[in-house]
Amino acid sequence: MMTNTTPLGELVNVQTGKLDANASSADGAYPFFTCAREPLRIAEWKYDLDAILIAGNGDLNVKHHVGRFDAYQRTYILDVKKTDVLDSRFLFHFMDKYVERLREQSIGGIIKYIKLGMLTEAQIPLPPLEEQKRIAGILDQADALRRLRTRALDKLGTLGQAIFHEMFGDGVQTAKLTDLVLKITDGTHQAPEWADEGVPFIFVSNVRGQTISLETNKYVTDNEYHRLIKRTSLAADDVIYTCVGSYGNAAVVGKKNRFVFQRHIAHIKPNPDKLDSVYLSYGLEAPTMRAQADRTATGIAQKTVTLTALKKFDFPAPPMTRQREFRSRVDSIERMRASAQTAVGRQQALFASLQHRAFLGEL
C-alpha cells in the first residue's frame, strides 16, 4: 500500500485560464479547454505546457494535453514542477480518480464549483518515478481498450440511420405526419407532486440514441402517476420525441416502460396500418426531418418545435412491408448493441477497479 503522500500544491504549478467561452473559434488551430468534456478550438494560444486541465465547475472533468492551447477562466491548469519526481501521466490518472472526491467537495447552488485549495491540498501518493510510469502505462492500456469498445458501440448506434437512408433516402412518397398517426400530444402540463421514490419522471435529456433512460432524481407516487397520465397515457410501441431545447430525439416506448414526462416531450401514437413505430422513431431523426425541425423551431433561449409544426412534417410513407423490413434489420443491430453495451460495462468496471487499486499501491 502507498503510505507516503504529498500535498499536490508542492508538486505542481496551478493557474486558471483567463478567457470566457465566447473566445472560441470553430476553425481555430489550437485546442480551447472549457468545462465541457470535449475541447473547443481557438485561433491563438497562450500556454505551451504538458498540462492537466480540470474543469472548475459543472461535471469537473479532467483532461491531459501536451502542447499549445488556451483555456476558459474556470479551467484549472496544472503542470509538474519537477518532472524527475512526478510523471504527468501518473498525475492525470490520479486526478481522473480524485475528481470523484472533488465532486463531493464542490460547493455552490445550481452549478457546483471547486476552489483552488481543494486541488493544492489533495494528497497524492508518490512512488518512484519508474513505478509511476508503469502504473500510468497499465491504466493507459486499459483506458485505450475501454475507449475502443465505446467507439465500436457508437458506430453501431449510427447504423440504423445509415440503413434508413439506404432504404428510404430518395423517391419515397410523403404524407403529413398527422395523417399517418392516431394522435400527437405532449407530456403533462401540471406541476407534479414529487416523491422520494416511485414512478420515474423523465426530461428531454432522458431521450437519446433511440433509447429512453429512466435514470432521474425525480419521482411521483403511483396515485400521482395515474393523475398525470389521464391525458397522455403511454402504451408499448408509442413514440416520444423531444420538442424543446435538444429537440429532434425520438425513441419507442418499450413494453416495460412506465414513466411520466414533461410537456417538452411529444407523445406520438402511430397508426399501425400506416406506420411502424421503430420506422417512425428512426424517421423522426433522419436528416430530412431534422431539417424540417430546424426550419420550424421557434424561440431564442430554448428553441421549440411546436406540436402544430410537428403535425405538418412531410414524412416518408413507404409500404408497411418495407417498414417492417427496416425494423427487422434494426432489431438485428439492437441485439449487437446490447452485447456491445455489456462488453463496455465490463470494461468500465475493470478500468475503475484498476484505477482504484493503482493509488492504493496494489497494482
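Summarised in this report is the structure supplied together with it. Here the residue numbers are simple positions, counted from 1 along each chain's written sequence. Per-residue local features are limited, in this predicted model, to residues with pLDDT of at least 70; the limit for side-chain atom pairs, both in listing and counting, is 80 or more; totals at the level of whole chains, interfaces and linings are taken over all residues. Side-chain measures here rest on the full set of heavy atoms in the structure, leaving out hydrogens and waters.

1. Quick notes on the overall build of the chain
The secondary structure content of the chain amounts to eight helices and 20 strands. Its C-alpha atoms give the chain principal-axis dimensions of roughly 70 × 45 × 40 Å. Think of it in three bands: residues with accessible area under 20% of the maximum for their type are buried, residues over 50% are exposed, and the middle band is partly exposed, with areas taken using a 1.4 Å probe on protein chains only. Sorting the 363 residues of the chain into buried and exposed places 44% on the buried side. By the counting scheme adopted, Arg and Lys are positive, Glu and Asp are negative, and His together with the chain ends is not counted. To locate a charge, take NZ of a lysine, CZ of an arginine, CG of an aspartate or CD of a glutamate. Looking at charge distribution, the chain has the averaged site of its 48 positive side-chain charges lying 4 Å from that of its 42 negative ones. In DSSP terms, a helix is any run of H or I states spanning at least four residues, a strand is any run of E spanning at least two, and both are numbered starting from the N terminus.

2. What to know about the side chain of Gln292
Position of Gln292 relative to the elements: it lies in helix H6 (residues 287-296). With a relative accessible area of 10%, Gln292 lands in the buried category. Beyond its immediate stretch of four places on either side in the chain, Gln292 contacts Phe313 and Asp314. Every residue pair with non-hydrogen atoms within 4.5 Å of one another is taken to be in contact.

3. A short note on the packing of helix H3 (residues 129-168) against helix H5 (residues 277-284)
Geometry is summarised by axes, namely lines fitted to C-alpha atoms with helices restricted to the contacting stretch, and by angles between N-to-C directions that run from 0 to 180 degrees. As a packed pair, H3 and H5 sit with axes 10 Å apart at the nearest point and diverge in direction by 95°. Taken together, H3 and H5 sit at an angle that is classed as roughly perpendicular. For the pair H3 and H5, the contacting residues are Gly160, Gln161, Phe164 and Phe168 in the first and Tyr279, Tyr282 and Gly283 in the second. Looking at the contact of H3 with H5 residue by residue, the classes come out as four nonpolar, three polar and no charged. Relative orientations are named as follows: roughly parallel for angles under 35 degrees, roughly antiparallel for angles over 145 degrees, roughly perpendicular for angles from 65 to 115 degrees, and oblique for any other angle. We call Asp, Glu, Lys and Arg charged. Ala, Val, Leu, Ile, Met, Phe, Trp, Tyr, Cys and Pro are nonpolar, and the rest, Gly among them, are polar.

4. Quick notes on the packing of H3 against helix H8 (residues 320-358)
Two elements in contact, H3 and H8, have axes whose closest approach is 9 Å; the angle formed by their N-to-C orientations is 170°. For the element pair H3 / H8, the angle class is roughly antiparallel. When the residues that make up the contact of H3 with H8 are grouped by side-chain class, the tally is 20 nonpolar, eight polar and eight charged.

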